Amino acid sequence: MRLEAKDICYAYQKGRPVLSHVNFGIESGEAVGLTAPSGYGKSTLGKILAGYLTPQSGTVSIDGKTREDTGYNPVQLIFQHPEKAVNPRWKMKRILNEAWNPPEEMIRSMGIEQDWMNRWPSELSGGELQRFCVLRALSPRTRFLIADEMTTMLDMITQAQIWNEVRKHAERENMGIVVISHEKHLLERLCGRIVRLDG
Amino acid sequence: MNEMPVFQVRDFGVSFSQYENGVTRRELHVITNLDIELYEGKILAVVGSSGSGKSLLAHAILGILPDNAVVYGRMEYRGSRIGAEQIRALRGRKIGLIPQSVNYLDPLEKVGHQIERSVRGGKKKEKKKKVLEMMERYGLEAGVYDYYPHQLSGGMARKVLLSIALLSDCDILIADEPTPGLDEGSLREVLKDFRQAADEGKALLMITHDIQAACAVADRIAVFYAGSTLETADVSDFGGDGSLLRHPYSRALLRAMPDREFIPAAGNQPLPGNLPEGCLYYDRCPERRVNCKALRPGSRALRGGRVRCDYAT
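Scope of this entry: the structure provided in the associated data block.

How each quantity is defined
- Residues numbered from 1 in each chain as written.
- Chains lettered and ligands numbered in written order.
- Predicted model: local features only at pLDDT ≥ 70, side-chain atom pairs only at ≥ 80, totals over all residues.
- Helix = DSSP H or I, 4+ residues; strand = E, 2+ residues; numbered from the N terminus.
- Rg over C-alpha atoms; globule rule 2.2 N^0.38 Å.
- Buried ≥ 20, exposed ≤ 12 C-beta atoms within 10 Å, placed from the backbone.
- Contact = placed C-beta atoms within 7 Å.
- Core = buried A, V, L, I, M, F, W, Y, C linked by C-beta atoms within 7 Å.
- Nonpolar A, V, L, I, M, F, W, Y, C, P; charged D, E, K, R; others polar.
- Pairing = 2+ DSSP bridges.
- Axes fitted to C-alpha atoms, helices over the stretch in contact; angles between N-to-C directions.
- Expected span 1.5 Å × (residues − 1).
- Parallel < 35°, antiparallel > 145°, perpendicular 65-115°, else oblique.
- Left-handed = near helix turned anticlockwise from the far one by under 90°.

## Details of the overall build of chain A
Step number 1: Along its length, chain A carries six helices and nine strands.
Step number 2: Taken over the C-alpha trace, chain A has a radius of gyration of 17 Å; the compact-globule value for 199 residues is 16 Å, and the two agree within 12%.
Step number 3: Along the longest, intermediate and shortest principal axes, the C-alpha atoms of chain A span 50 × 35 × 35 Å.
Step number 4: Taking all 199 residues of chain A together, 43% fall into the buried category.
Step number 5: Long-range contacts, defined as pairs at least 24 residues apart, comprise 75% of the intrachain contacts of chain A with a sequence gap of at least 6.

Rendered as structure tokens:
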């Protein structure tokens, strides 16, 4: 399976394009890094790949077909701030199960403790919440994961924990991962190929 | 270091009273055993994971905790013990905060005017001159004076916030998460600006989750875990294979870095309502002994640093 963005142009303000004729592609099972200094459109491209934004010109396709607007989105985006990606009035169990029912074993290896399931989002730390957001996105129907600064706000141990788990899952399910980050060492550790948006 | 710290905190704690089910009250210990020392011209980084209680540390030092917080332990400013009242007198005058983001600026007022407000005394003209000097020193063009906050880039906003803190004549500056989301170039700039402030005689406390940034910017690093400083050491001890580090958790932090082994320690940081009786790192520690479960180790000096582990060498 191939996720491909062709000749993408995007501007938030007329006449000031963030992305101009950008091409990007990723195969199933691949981990591709996406990097550039702030303001070069890394996150914008991530949102376009996941279908959150529609480019002013250019196309995004999966195996040559444009994505359908209904049903489960096989391209899942994970944000930097998990607090903003969960419903504050739902308990964690409901938040997680909105997407799917992950097997016990995955919950455990993601480092999620049983006791957290009955908590409100405000009672957990960012690192704890992010594990839920990641696991929520790892349903078998997810073919590509866009990780936009997924562990930037987390400490090194939690970062390594989450990434090791995601990598194992990606290998098992032949899922593709786009790693958006400015951390050179992390990209080198995770990615077979790194794309720079600034040149 | 034999000189006297400008500011120090010993066995400091913060707890919150919470009501459960409306009737039962419980104490939530968010910070339990915290020790830090700040020295003139030095940068100390407190490195802790999210949920370790580190942002409360800044609030506690500035005396801006919510009403249901209880604070205990000892705080000293230039050798004399201070309490809530003195903190109120010191904050904004001697202890300044460099906040995280541009959100702390007034969106409807020119940046220059906002910086100017932190200059105490003097005529309007002199104040403006001081502001422009400070802006120049930290690489802001004079035109920025007339900008509104939304016109600032992230890096400029950071310099504006730093200028405000510096002009207020504080000798202690607390920076809360100054580095997340910065690319390498901007990180180098933060380092340069902080170093410059330290060289001008300020004592800096940088609170962060990012040990890489801490290693790049700080002179000393305090490793913060579950509300407690487990180890304080010179930044050089964090180099190499980490064998100079004293606490097993500090070594685990290093091992998990992507340019080292990228191996995470198993388990999770205990939650504030659920702290173990003994060592806070007990259930994750590869070198634990029987004694560690029942007794929480005190802080002791070791090889030029401090550690809360009875078996560290």
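## Quick notes on the nonpolar core
Step number 1: Formed by 131 residues in total, the largest nonpolar core has its most connected members in Ile146 and Val178 of chain A together with Leu204 of chain B.
Step number 2: A total of eight residues in this core trace back to one element, the largest contributor, which is helix 5 (residues 154–167) of chain B.
Step number 3: When near neighbours in sequence (up to four residues on either side) are disregarded, Ile146 of chain A contacts Gly46, Leu49, Ala50, Val75, Gln76, Leu77, Ile78, Val178 and Ile180 of chain A.

## Points about the interface of chain B and chain A
The extent of an interface is frequently quoted as the accessible surface area lost upon association of the parts.
Step number 1: Contact residues are listed per partner, giving 22 residues for chain B and 24 residues for chain A.
Step number 2: Elements with a contribution of two residues or more to the side of chain B that touches chain A: helix 6 (184–199) and helix 8 (248–255) of chain B.
Step number 3: Its residues placed into classes, the side of chain B that touches chain A shows 11 nonpolar, eight polar and three charged.

## Looking at the pairing of strand 4 (residues 57–62) of chain A
Residues and elements named next belong to chain A.
Step number 1: Pairing of strand 1 (residues 2–13) with strand 4, which is carried by five bridges, proceeds in the antiparallel orientation. If you follow Cys9 over to strand 4, its bridge partner there is Ser57.
Step number 2: Where strand 4 and strand 5 (residues 65–66) come together, two bridges link them in antiparallel fashion. Bridge pairing links Ile62 to Lys65 in strand 5.

## As for the environment of Thr66 of chain A
Residues and elements named next belong to chain A.
Step number 1: Among the secondary structure elements, Thr66 is positioned in strand 5.
Step number 2: For Thr66, a count of 10 C-beta atoms within 10 Å corresponds to the exposed category.
Step number 3: Separated by 29 residues in the primary sequence, Thr66 and Pro37 place their C-alpha atoms 30 Å from one another.

## Points about the sheet that holds strand 7 (residues 144–148) of chain A
Sheets are built from strands paired through backbone hydrogen bonds, the pairs being either parallel or antiparallel.
All names here are of chain A.
Step number 1: Reading across the sheet, the five strands line up as 6-7-8-3-9 and stay open at both edges, with parallel pairing between neighbours. Edge positions in the sheet fall to strand 6 (75–78) and strand 9 (193–196), since each has one partner strand and no second. Adjacent strand axes in the sheet meet at a mean angle of 20° when their direction is disregarded.
Step number 2: Sheet topology places strand 7 next to strand 8 (residues 176–180); five bridges connect them, and they run parallel.

## Regarding the environment of Arg120 of chain B
Step number 1: Considering the arrangement of structural elements, one finds Arg120 of chain B in the loop between helix 3 (111–116) and helix 4 (124–137).
Step number 2: Residues Arg120 of chain B and Arg93 of chain B, 27 residues apart in the sequence, show an inter-C-alpha distance of 9.3 Å.

## So, helix 5 of chain B
Residues and elements named next belong to chain B.
Step number 1: For helix 5, with 14 residues, the first-to-last C-alpha span of 20 Å sits near the 20 Å given by 1.5 Å per residue.
Step number 2: Most of helix 5 is tucked away, with 11 of its 14 residues classed as buried.
Step number 3: All of the buried residues in helix 5 are Ala157, Arg158, Lys159, Val160, Leu161, Leu162, Ser163, Ile164, Ala165, Leu166 and Leu167.
Step number 4: Structurally, helix 5 contributes buried residues whose contacts are with strand 6 (95–98), helix 3, helix 4, strand 7 (172–176) and helix 6.
Step number 5: Where helix 5 ends, the next residue or the one after it, Asp169, has phi of about 70°, a positive value.

## Focus: the packing of helix 4 of chain B against helix 5 of chain B
Residues and elements named next belong to chain B.
Step number 1: Taken N-terminus to C-terminus, the directions of helix 4 and helix 5 make an angle of 125°; their axes are 10 Å apart at the nearest point. By the angle between their axes, helix 4 is oblique relative to helix 5. In this structure, helix 4 crosses over helix 5, and the sense of that crossing is right-handed. Judged by residue contacts, Lys130, Val131, Met134 and Met135 of helix 4 engage Ser163, Leu166 and Leu167 from helix 5.
Step number 2: The residue makeup of the contact of helix 4 with helix 5, split by class, is five nonpolar, one polar and one charged.

## A word on the sheet that holds strand 1 of chain A
Step number 1: Ordered in space as 2-1-4-5 (chain A), the four strands form an open sheet in which the pairing is antiparallel. Strands with a single pairing partner mark the edges of an open sheet, and in this sheet they are strand 2 (16–27) and strand 5 of chain A.

## A few points about the packing of helix 5 of chain B against helix 6 of chain B
Residues and elements named next belong to chain B.
Step number 1: Viewed as axis vectors pointing N to C, helix 5 and helix 6 meet at an angle of 10°, and their least axial separation amounts to 11 Å. In this view, helix 5 runs roughly parallel relative to helix 6, as classed from their interaxial angle. Only Ser186, Glu189, Asp193 and Ala197 of helix 6 make contact with helix 5, whose side of the interface consists of Gly155, Lys159, Leu162 and Leu166.
Step number 2: The residue makeup of the contact of helix 5 with helix 6, split by class, is three nonpolar, two polar and three charged.

Treat this as a map of the structure, not an account of what it does.
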